[in-house]
Amino acid sequence: MKLVFATNNLHKLEEVRKITDNNIEIVSLADINCHDDIPETADTLEGNALQKARYIKEKYGHDCFADDTGLEVEALNNAPGVYSARYAGSEHDAEANMKKLLYEMNNKTNRKARFRTVIALILNEKEYLFEGEIKGSISTEKKGINGFGYDPVFIPENYTQSFAEMGNEIKNSISHRAEAVKKLSVFLSNGIL
């Protein structure tokens, strides 16, 4: 079976392909010749994921799934949350986002945080949601060179390394996205097709 993943983020695409069942061919927006700037104007992760999936289904006619991920920091009232990719401005600038986050966390003793991913699947005219979460904390400085987004400043619970230090194999087995994708994969392989 072929499913469109509503992303052009190569890191996410690679991560999801490694997690899903080999019987599912995951293609990107570029693979279906979609170069649109898909709106993400909802105020929840669920809303954004559904908005992106519905856009692809309506405009291109493909069964698809889309995700939205947010970093929720307890001491910042769960910010940046749904605005994680645009925390420092309208551009998706990971470096500026991390810099702003570390500045906001300066002198905060509560460094608890969690990553949440919501995946919206549209399959055979029905909509489904899958969620993954990982708890952890925000480091006081960037650590590591792997990964993307906030990976250098997020340390998962029960680990001493940031996502960016631990490498893709470990990260992909424990991450918020991995948990949501595993739920999606189990759903698809359980004969729902």
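So, how was this worked out
Residues numbered from 1 in each chain as written. Predicted model: local features only at pLDDT ≥ 70, side-chain atom pairs only at ≥ 80, totals over all residues. Heavy atoms only, no water. Helix = DSSP H or I, 4+ residues; strand = E, 2+ residues; numbered from the N terminus. Rg over C-alpha atoms; globule rule 2.2 N^0.38 Å. Buried < 20%, exposed > 50% of the residue type's maximum accessible area, 1.4 Å probe, protein only. Areas by Shrake-Rupley, 256 points an atom, 1.4 Å probe, with all protein chains shown as cover. Lys, Arg positive; Asp, Glu negative; His and termini not counted. Charge placed at Lys NZ, Arg CZ, Asp CG, Glu CD. Arc of directions from axis to C-beta. Polar contact = N/O pair within 3.5 Å; in protein donor to acceptor, adjacent residues only side chain to side chain. Contact = heavy atoms within 4.5 Å. Phe/Tyr/Trp six-rings, centres within 6.5 Å; stacked < 30°, edge-to-face > 60°. Lys NZ or Arg CZ within 6 Å of the ring centre and 35° of its normal. UniProt positions renumbered as here; feature names shortened; annotations may be inferred. Expected span 1.5 Å × (residues − 1). Pairing = 2+ DSSP bridges.

> Would you explain the overall build of the chain in this entry?
Summing up its helical and strand segments, the chain has six helices and seven strands in all. When the helices and strands of the chain are read in sequence order from the N terminus, they spell out β-α-β-α-β-β-α-β-β-β-α-α-α. Radius of gyration (C-alpha) of the chain: 16 Å, near the 16 Å computed for a compact globule of 193 residues. Relative to its full complement of 193 residues, the chain shows a buried share of 47%. Carbon and sulfur atoms make up 45% of the accessible area of the chain, which totals about 9800 Å². Charge centroids of the chain, computed over 24 positive and 30 negative side chains, lie 3 Å from each other.

> Honestly, helix 1 (residues 10–19) in this entry has me stumped. Any pointers?
Residues lying three or four places apart along an α-helix face the same way, a consequence of the helix completing one turn every 3.6 residues. Restricting attention to buried positions, one finds in helix 1 the residues Lys12, Leu13, Glu15, Val16 and Ile19. Projected down its long axis, helix 1 shows its buried positions confined to an angular sector of 165 degrees, all on one face. The exposed set on the far side of helix 1, more than 90 degrees from its buried face, consists of Leu10 and Lys18. Capping of helix 1 at its N-terminal end is provided by Asn9; its side-chain oxygen lies 2.9 Å from the backbone amide nitrogen of His11.

> What am I meant to see in the side chain of Asn97 here?
Of note, Asn97 is situated in helix 3 (residues 94–104). Polar side-chain contacts of Asn97 include one of 3.1 Å to the backbone oxygen of Ala85. A distance of 2.8 Å separates the side chain of Asn97 from the backbone nitrogen of Ala88, its partner in a polar contact.

> Please explain the side chain of Ser139 as it appears in this structure.
Positionally, Ser139 belongs in the loop between strand 6 (126–138) and strand 7 (154–156). Ignoring anything within four residues of it in the chain, the contact list for Ser139 reads Leu102, Arg111, Pro152, Val153 and Ile155.

> I tried to follow the packing of aromatic side chains on my own but got confused; where do I start?
Working definition: an aromatic ring pair is given by the centre-to-centre distance plus the angle between the planes. Evaluated as defined, the whole model comprises six aromatic pairs. Centroid distance Phe154 to Phe163: 5.3 Å. Interplanar angle 45 degrees. Geometry classified as tilted. The same class applies to Phe154 and to Phe163, which are both buried. An aromatic cluster of three or more residues is present, and its members are Phe115, Phe154 and Phe163. A cation over an aromatic ring shows up here: Lys100 above the ring of Tyr87, its NZ or CZ 4.4 Å from the ring centre. Just above the ring of Phe163 sits the side chain of Lys171; from NZ or CZ to the centre is 5.5 Å.

> Explanation requested: the UniProt feature "binding site: Mg(2+)" (unreviewed entry) in the chain in the structure shown.
Under the present numbering, the feature "binding site: Mg(2+)" (unreviewed entry) in UniProt falls on Asp68. Other than its neighbours up to four places away in sequence, Asp68 contacts Glu40, Thr44, Leu45, Asn48, Ala49, Lys52, Val82, Arg116, Thr117 and Val118.

> So what exactly am I meant to see when it comes to the environment of Glu179 here?
By secondary structure assignment, the location of Glu179 is in helix 6 (residues 176–192). Among the residues examined, Glu179 registers a relative accessible area of 32% and is labelled partly exposed.

> Any chance you could explain helix 2 (residues 45–60) here in plain terms?
Compared with an ideal rise of 1.5 Å per residue, which puts 16 residues at 22 Å, helix 2 spans 22 Å between its outermost C-alpha atoms and is within 8% of the ideal. Those residues of helix 2 that sit buried are Leu45, Asn48, Ala49, Leu50, Lys52, Ala53, Ile56 and Lys57. Looking at the packing, one finds that the buried side of helix 2 touches strand 1 (2–5), strand 3 (64–73), strand 5 (112–123) and strand 6. Just downstream of helix 2, Gly61 is the residue with a positive phi angle, here 80 degrees.

> What is the right way to read the pairing of strand 5 from this model?
Every regular strand shows the same layout, with side chains that alternate between the two sheet faces. Where burial is concerned, most of strand 5 is hidden: 10 out of the 12 residues are buried. Where strand 3 lies against strand 5, 10 bridges are found, and the strand directions are antiparallel. Residue pairing for strand 5: Cys64 is matched across the bridge by Ile122. Pairing of strand 5 with strand 6, which is carried by 12 bridges, proceeds in the antiparallel orientation. Pairing of Leu123 across the sheet is with Lys126, part of strand 6. In this antiparallel pair of consecutive strands, strand 5 and strand 6, the connection spans two residues, and Asn124 shows a positive phi of 50 degrees.

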